[in-house]
Amino acid sequence: MKSSLYIIFLVFIPQCILGQNLQWDWVMPTPQGNLLTNVHAVGESHFVAVGGYGTIITTLDGGESWILNGFGHHQTIFADVVFPTPETGYALGSTWLSFPWGYAGILVITDDGGLTWQEHPHHFQKRLLNAFFVDEQIGWLTAHDGTLYKTENYGTDWSIQHIPTAKNLVNIHFLNQQEGYVIDSNGTLYFTGNGGSDWINVDVGDYNWLDIYFINETTGWLSGNQVLYKTTDGGTTWDVAYITTSNIYPTNIHFFNEMEGVTGGSNGYFAITDDGGVTWQEHQDSIFLNVFGFSVLHSGQGFIVGGVGHIFKTEDGGLSWEIISSNINRNLEDVLLVDSFTGWIVGGDGLILKTEDAGLSWFEQDSGTDLDLYAVHFLDQQTGWATGQQG
């Protein structure tokens with residue numbers, strides 16, 4: 001697979017800056033071009049997304065603008081982000097260490113709603129995968145090899161908990177400070193009744209479990225391969241709520257109340273339910289990526305993130321989606337500026353993009369071909385050539 005060429009522009013007058021350090025500004029794609037893995041709804045119009053290359057982006061206006069932050073280096077990837085309060089949040093994942101050599105966990109914290117972040121000094125030996133807080137004081141981080149980290153003092157200190165028989169812990173949900181569930185990468189469900197000190201294997205049918213979500217201490221859902229279970233007694237008993245033979249089915253789940261919920265999955269699958277998960281209504285628009293992470297408010301506003309920085313937005317609870325990132329889902333091969341404002345980009349499948357404002361915005365032009373274009377050259381603003389596949 002070809003790697004995409006991201007375009008950064010610097011328009012300058014050489015005589016004015018000779019000998020000075022040059023400042024480069026990201027122009028395209030917007031708001032950025034790294035993989036996004038997860039997103040969290042902090043509040044109305046306030047969302048935070050995380051991803052590869054240590055990416056953290058925050059919007060306070062429903063996606064109209066984004067604040068970009070970053071930590072670590074190109075081998076840092078954030079897997080999850082949670083906010084116990086509107087001000088306090090945690091982004092967690094993995095990063096490469098030169099000493100001691102290998103991957104380890106990374107945790108960064110914000111106390112201003114995601115505007116600024118600081119790395120936590122604790123050394124997490126295992127790569128971090130998922131997080132859950134029952135309140136701003138008590139929370140857990142899941143990690144590789146059946147490891148959990150628990151805090152009881154607002155994230156200041158972290159103690160290690162362990163499930164000897166578990167693999168990587170990919171999902172977690174607690175009902176209160178004592179009772180909680182985790183799912184490992186083998187699809188095994190575990191339960192604790194004493195705050196994570198001890199865990200037992202929970203047998204709920206012969207399925208590989210994917211996600212678990214509770215709206216209170218009694219009512220919750222458990223999703224697996226082609227099946228969704230529901231409990232109304234805190235997990236003592238589980239009953240089938242939904243079953244299908246389709247290869248597209250609910251995986252990641254979130255419910256607002258006993259009847260209304262949303263789900264996302266592979267191949268752009270996203271659906272909503274208003275009968276407790278018995279039936280699901282798929283979204284109307286095509287989403288051309290796996291749903292890596294999503295977050296939807298009960299008001300209907302929400303985001304899906306994934307791909308190379310793709311961001312989709314909904315205002316109707318997931319019935320329809322609009323892409324708000326300017327990612328071009330094709331390789332970019334060459335760029336040319338003919339003056340301080342006008343330029344072109346060419347790329348895969350006959351792509352030609354033009355800017356007339358120094359790269360702040362781009363519009364697509366018809367090339368008349370669907371073959372890949374590799375180079376572009378212009379004599380002036382009117383006369384130029386684009387060359388590519390098959391000459």
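So, here is what we can say about the structure in this document. Every chain is numbered on its own, with residues counted from 1 as its sequence reads. For this predicted model, a pLDDT threshold of at least 70 governs which residues receive local features, and a threshold of 80 or more governs which side-chain atom pairs are given and counted, while totals over whole chains, interfaces and linings are taken from all residues. Neither water nor hydrogens contribute to the side-chain values; these are computed over all heavy atoms in the structure.

## As for the overall build of the protein chain
Piece 1. The helix and strand tally for the protein chain stands at one helix and 36 strands.
Piece 2. When a residue's accessible area, from a 1.4 Å probe over protein chains only, is under 20% of the maximum for its type it is buried; when over 50% it is exposed; and in between it is partly exposed. Counting all 391 residues of the protein chain, 50% fall into the buried class.
Piece 3. In the protein chain, of all internal contacts separated by at least 6 residues, the share reaching a separation of at least 24 is 38%.
Piece 4. Split by element, the accessible area of the protein chain, about 18500 Å² in all, is 49% carbon and sulfur. Helix and strand definitions follow DSSP, with helices as H or I runs of at least four residues and strands as E runs of at least two, each counted in order from the N terminus. By definition, residues are in contact when any of their heavy atoms lie within 4.5 Å. Only the protein chains shown count as cover for residues, with accessible areas throughout obtained via the Shrake-Rupley method and a probe of 1.4 Å.

## Considerations on unusual backbone geometry
Piece 1. The phi dihedral of Tyr154 falls on the positive side, at around 65°, and the residue is not glycine.
Piece 2. For Tyr154, the position within the fold is in the loop between strand S13 (147–151) and strand S14 (159–162).
Piece 3. Phi at Gln226 is positive, roughly 65°, even though this residue is not glycine.
Piece 4. Mapping Gln226 onto the fold places it in the loop between strand S20 (220–224) and strand S21 (227–231).
Piece 5. Take Gln226: its relative accessible area is 25%, and that puts it in the partly exposed class.

## Digging into the layout of surface pockets
Piece 1. Of the two site types, the cavity is a set of points on a 1 Å grid over the protein atoms alone where a 1.4 Å probe fits but cannot get out, and the pocket is an open set with protein on both sides within 12 Å along at least five of seven lines, each lined by residues with an atom within 4 Å of a point. Grid points are joined across faces, edges and corners, and a volume is the space filled by probe spheres set on the points. For the largest pocket, the calculated volume is near 1400 Å³.
Piece 2. Lining the largest pocket we find 41 residues, and of these Asn38, Asp80, Asn130, Asn171 and Phe294 sit closest to its centre.
Piece 3. Of all elements in the fold, only strand S3 (36–43), strand S7 (77–82), strand S11 (128–133), strand S15 (169–174), strand S19 (209–214), strand S23 (252–255) and strand S27 (293–296) reach the threshold of two or more residues within the lining of the largest pocket.
Piece 4. Residues are grouped as follows: Ala, Val, Leu, Ile, Met, Phe, Trp, Tyr, Cys and Pro are nonpolar; Asp, Glu, Lys and Arg are charged; every other residue, Gly included, is polar. Looking at the lining of the largest pocket residue by residue, the class counts come to 25 nonpolar, 14 polar and two charged.

## Brief notes about the sheet that holds strand S30 (residues 322–323)
Piece 1. In space, the four strands of this open sheet follow the order S27-S28-S29-S30, with antiparallel pairing throughout. If you trace the sheet from one side to the other, it starts and ends with S27 and S30, each paired once.
Piece 2. In the sheet, S27 pairs with strand S28 (residues 302–306) via four bridges, with the strands oriented antiparallel. The residue bridging Gly293 from the neighbouring strand is Val305, located in S28. One requirement defines pairing of two strands: DSSP has to find at least two bridges between them.

## Let's talk about the sheet that holds strand S9 (residues 101–110)
Piece 1. Taking strand neighbours across the sheet as the criterion, the four strands line up as S7-S8-S9-S10 in an open arrangement whose pairing is antiparallel. Strands at the two margins of the open sheet, each flanked by one partner only, are S7 and strand S10 (118–119).
Piece 2. Relative to S10, S9 is paired through two bridges, and the arrangement is antiparallel. Each bridged residue has a counterpart across the sheet, and for Ile109 the counterpart in S10 is Gln118.

## A few points about the environment of Asp61
Piece 1. As for its placement among the helices and strands, Asp61 is situated in the loop between strand S5 (55–59) and strand S6 (67–70).
Piece 2. A relative accessible area of 32% places Asp61 in the partly exposed class.
Piece 3. As for Asp61 and Ser45, which are separated by 16 residues in sequence, their C-alpha atoms are 5.0 Å apart.
Piece 4. Pairs of N or O atoms within 3.5 Å make up the polar contacts considered here, provided that, within protein, one atom can donate a hydrogen while the other can accept it, and that residues adjacent in sequence are counted only when both atoms are side-chain atoms. For Asp61, the side chain forms a polar contact with the main-chain nitrogen of Glu64, separated by 3.1 Å.
Piece 5. A polar side-chain atom of Asp61 sits 2.6 Å from a polar atom in the side chain of Ser65.

## Describing the packing of aromatic side chains
Piece 1. Pairing of aromatic rings covers Phe, Tyr and Trp, the last counted by its six-membered ring, and requires centre-to-centre distances within 6.5 Å; plane angles under 30 degrees mean stacked, over 60 mean edge-to-face, and any other angle means tilted. The tally for this structure, following the rule as stated, stands at 24 aromatic pairs.
Piece 2. For the pair Tyr181 and Trp238, a centre-to-centre distance of 6.4 Å together with 80° between the ring planes defines the contact as edge-to-face. Of this pair, Tyr181 sits in strand S16 (residues 180–184) while Trp238 sits in the loop between S21 and strand S22 (239–243), placing them 57 residues apart in sequence. This pair shows no difference in class: Tyr181 is buried, exactly as Trp238 is.
Piece 3. Through a chain of ring-to-ring contacts, three or more aromatic side chains come together here, namely Tyr90, Phe124, Phe133, Tyr149 and Trp158.

## Some thoughts on a nonpolar patch on the surface
Piece 1. On the surface, a cluster of nonpolar side chains totalling about 220 Å² of accessible area is made up of Leu60, Ile67 and Leu115.
Piece 2. As for its placement among the helices and strands, Leu60 is situated in the loop between S5 and S6.
Piece 3. Under the relative-accessibility criterion, Leu60 is labelled partly exposed at 47%. Each patch is built from residues that are more than 30% exposed by relative accessible area and take part in no salt bridge. Like charges join if they lie within 9 Å; nonpolar side chains (Val, Leu, Ile, Met, Phe, Trp, Tyr) join within 5 Å. Salt bridge, as used here: a side-chain nitrogen of Lys or Arg that lies within 4 Å of a carboxyl oxygen of Asp or Glu.

## With respect to the nonpolar core
Piece 1. Residues grouped as a nonpolar core are buried Ala, Val, Leu, Ile, Met, Phe, Trp, Tyr and Cys residues, joined through side-chain atoms within 4.5 Å. One finds Tyr181, Leu189, Val204, Trp209, Ile212, Leu222 and Trp238 to be the most contacted residues of the largest nonpolar core, which totals 14 residues.
Piece 2. Of all elements in the fold, only S16, strand S17 (189–192), S19 and S21 reach the threshold of two or more residues within this core.
Piece 3. Here the element with the most residues in this core is S19; it accounts for three residues.
Piece 4. Those residues in contact with Trp209 that sit more than four places away from it in its chain are Ile183, Gly187, Leu189, Val204, Leu222, Ser223, Gly224, Val227 and Tyr229.

## Describing the side chain of Thr231
Piece 1. Structurally, the position occupied by Thr231 is in strand S21.
Piece 2. Relative accessible area serves as the criterion here: at 1%, Thr231 is assigned to the buried category.
Piece 3. At 2.8 Å, the side chain of Thr231 forms a polar contact with the backbone oxygen of Thr237.
Piece 4. The residues touching Thr231, leaving out its near neighbours within four places in the chain, are Phe214, Thr218, Thr219, Gly220, Thr236, Thr237 and Trp238.

## Notes on the pattern of salt bridges
Piece 1. For the coordinates displayed, the defined rule picks out four salt bridges.
Piece 2. One salt bridge connects Lys150 with Glu152, and the closest N-O pair in it is separated by 3.9 Å.

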